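# Results of the structural survey
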Amino acid sequence: MSTDAGAAGADSSIERELERMLEIEKFPPPAGFSASANWSDPAIYEEAATDPVGWWTERSKKLLDWDVEPTAGLNDSDPPFYKWFEDGRINASAQCLDRHVAAGRGERVAYHWRGEQGERRDITYADLYRDVQRLANALKGLGVRKGDVVGIYLPMIPEVAVSMLACARIGAVHNVVFGGFSAEAVRERMEFAEAKALITVDGARRKGKTAPIKEQVDEQMGGVGSLATIVVVRSTGIECPMTEGRDVFYDEVMEAADPECPAEPMEAEHPLFILYTSGSTAKPKGILHTTGGYLTGVTATHKYVFDLKPDEDIWWCAADVGWVTGHSYIVYGPLANGATSVMWEGAPDYPHQGIWWEIAQDYKATIIYAAPTAIRTFIKWGAEIPEKYDLSSLRLLGTVGEPINPKAWLWYHQVIGGGRCPIVDTWWQTETGAIMITPLPGITVTKPGSATTAFPGVSAEVVDEREGKPVEEGQGLLMLEQPWPSMLRTLYKEDDRFVETYFSRFGRDRYLVGDAARRDRDGYFWVIGRIDDVVNVSGHRLSTAEVESAIVAHPDVAEAAVIGQSDEDTGQAICAFVTLRGGNEPSEEVEEGIRDTVATRIGKFARPKRIVWADDLPKTRSGKIMRRLLRDIAEGRALGDVTTLRDPGVMQELEAKIAEEAADES
Ligand code: WTA
């Protein structure tokens, strides 16, 4: 029996129901849902496909209030350096705030924020509008100019949205680093981007403990020459070191700042943000998004994929703002649409395992958007926990970040959605800016485990590896075949790497996603996973090379090879094969030391779950580590071809090690 079934088996009637539903497989939109959906006519797909550029341009003008309306749609004169809505002018913060306040919606709650210790703050659009203007002026006063990069390293507190929008207001480019990354990872991302300023916090709370963030930041940031200012939000009130002439408190600069900061209309292609994500090499990629196209993509998808009715819905995207999901669906999409959101500071199991459902019940959340990993965790904790709460306000559920297994989908549908809520399994990436493959909840017949079909105006294809020709049924490489407004524009300061990574395989006009997928008879997409050396742990993207380089920083380690191994809880887990320097013996101490090194260099979430001690690693004659063989061995599969190895004996030794490990466990 699989773990999923075992956990749901806590309630055998649910178990039976799930089994029954797996056989049905297809879920048409409920009739009542379609009747009032923002989009219910499938003709929209045709309409968009006939003239995608015209269709997106039209959407953009309808959804956004441009200061200067664009006359241009797509400029594709120099692929893959595409430009969208080039002659338009718009300010992202004004789209998210000013226009709602001007229309009399200032008193609407933008965020129902809930703190870990039960604190409640309701932040209205007028509140954000006021704070963003002050912070924008404060940043200007600190010397931040249009085009400068500003780092943001904050926990899930409302100031994170204020900081992002204040940057957007003055044309500064924000570079948010997820709070789970270590200070060292922050330093690296500030150095790469030559950040002028960093907005961070005195301390961050996590499950009742407070981490001294500013102190950790200080240990790292001394060497970043470009960094002139650190703005510190006093969030927890813990003591923190401040450097005269460099560090200022957020509340003090806000207080001193001029309250009015008119939004400056930006060119549509003005950079809005950089977000570092993992790629095939140890150096993270600075994904660059610009203003007009990105806003068009997130506003349209947020409204139509989630059927958002801003006057009625309570929206809750349970991601962290430090990932792209948070950028697009906690900040820009929901605010541009004038939605009311829930923002939760903490973890899903603190102060108790029912906290999500307690919050959903309290605010009468209508839509929840979460990662499959979270759902699998809730399954493990048992259906009786959410069943204690009234979740009848929910009308739509979404997932993102990794493939969802059909049983988890069904559990989400039954236990959380009460069998009445459509589920949108949304596939996209940091690079795509907005959702690309997804059901439309009033139109699409869903199948558990499939992200279904491309959003209108998006062209996705599964192609064969050799020639890049479409594969009608079966597995291949996922491609996006035509440009879309919210696509990344480049890798920050690395144009060549941008072309090489995404546009070198089958031409400069075809975006190579980096995922394998298959299409079924109905043309639905089933995303399988990454084809590169990227591992997806609980929906967090990590590069194997990045983790390897952290592990070899441990003084006892000679060499390391990292692979992603399937994991029931986290989707994939990090498994590291490690060889030690001569004279060092494997021990629990070294093992813990390695995990600590990874936590310090990248973040706790990147720590290897499993460490296998190896005398040697399987290498080709040219010295390349054969990760494929390591994946086979870790997953207990028959070994593939070993004839290209320099020393085939290495694999026998490793097999013996794994057998030993298995024997120890039992
Ligand atoms: C994976 C997160 C299957 C995929 C928004 C992609 C998914 C990577 C799904 C991007 C999904 C995301 N089904 N796989 N619905 N959504 N992925 O940049 O491998 O953090 O390439 O963006 O997550 O991760 P990223």
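Criteria and cut-off values
Residues numbered from 1 in each chain as written. Predicted model: local features only at pLDDT ≥ 70, side-chain atom pairs only at ≥ 80, totals over all residues. Heavy atoms only, no water. Salt bridge = Lys/Arg side-chain N within 4 Å of Asp/Glu carboxyl O. Helix = DSSP H or I, 4+ residues; strand = E, 2+ residues; numbered from the N terminus. Buried < 20%, exposed > 50% of the residue type's maximum accessible area, 1.4 Å probe, protein only. Near = heavy atom within 4 Å. Polar contact = N/O pair within 3.5 Å; in protein donor to acceptor, adjacent residues only side chain to side chain. Areas by Shrake-Rupley, 256 points an atom, 1.4 Å probe, with all protein chains shown as cover. Nonpolar A, V, L, I, M, F, W, Y, C, P; charged D, E, K, R; others polar. Expected span 1.5 Å × (residues − 1). Contact = heavy atoms within 4.5 Å. Axes fitted to C-alpha atoms, helices over the stretch in contact; angles between N-to-C directions. Parallel < 35°, antiparallel > 145°, perpendicular 65-115°, else oblique. Left-handed = near helix turned anticlockwise from the far one by under 90°. Phe/Tyr/Trp six-rings, centres within 6.5 Å; stacked < 30°, edge-to-face > 60°. Lys NZ or Arg CZ within 6 Å of the ring centre and 35° of its normal.

### Things to note about the pattern of salt bridges
For side chains of opposite charge, pairing can occur when their charged atoms come near one another. Overall, the coordinates contain 55 salt bridges when judged by the stated rule. With a closest N to O distance of 3.1 Å, K196 and D148 form a salt bridge. Remark: D148 occurs in the loop between α7 (125-141) and β6 (149-152) and K196 occurs in the loop between α9 (183-193) and β8 (197-201); sequence separation between them is 48 residues. Given a relative accessible area of 35%, K196 falls into the partly exposed group.

### Thoughts on the site of the ligand
The environment of the ligand is formed by 17 residues, the closest being D425, T426, T430, R530 and R541. P403 is positioned such that a nitrogen or oxygen atom in its backbone is 3.5 Å from a nitrogen atom of the ligand. Contact distances for the ligand include 3.0 Å between an oxygen atom and a side-chain N or O atom of Q429. The protein chains hide 96% of the 540 Å² of surface that the ligand would expose on its own. Secondary-structure elements contributing two or more residues to the shell around the ligand are α13 (324-336), β20 (423-426) and β25 (525-530). Partitioning the shell around the ligand into residue classes produces 6 nonpolar, 6 polar and 5 charged.

### Points about helix α19 (residues 588-601)
For α19, spanning 14 residues, the distance from its first C-alpha to its last is 20 Å, which sits close to the expected 20 Å at 1.5 Å a residue. Along α19, the residues that are buried comprise V590, E591, G593, I594, R595, T597, V598 and A599. Along its buried surface, α19 packs onto α18 (544-551), β28 (557-567), β29 (571-580) and β30 (610-613).

### Quick look at the packing of helix α6 (residues 92-102) against α7
At their nearest, the axes of α6 and α7 sit 9 Å apart, and the two run at 125° to each other. Of the possible angle classes, the one that applies to α6 and α7 is oblique. As α6 runs across α7, the sense of the crossing is left-handed. Residues C96, L97, D98, H100 and V101 of α6 touch α7, and the partners they reach there are Y125, A126, L128, Y129 and V132. Here the contact of α6 with α7 is composed, by residue class, of 8 nonpolar, 1 polar and 1 charged.

### Examining the packing of aromatic side chains
Throughout the structure, instances matching the rule amount to 36 aromatic pairs. Between F181 and W323 the ring centres are 5.9 Å apart and the planes differ by 50°, which places this aromatic pair in the tilted class. Residue F181 is located in the loop between β7 (173-176) and α9, and its partner W323 is located in the loop between β16 (314-317) and α13; the two are separated by 142 residues in the primary sequence. Both residues of the pair, F181 and W323, count as buried. Put simply, the rings of F81, W484, F498, Y502, F503 and Y511 touch in pairs and so form one group of aromatic residues. The ring of F192 has K283 sitting right over it, with the charged end atom 4.6 Å from the ring centre.

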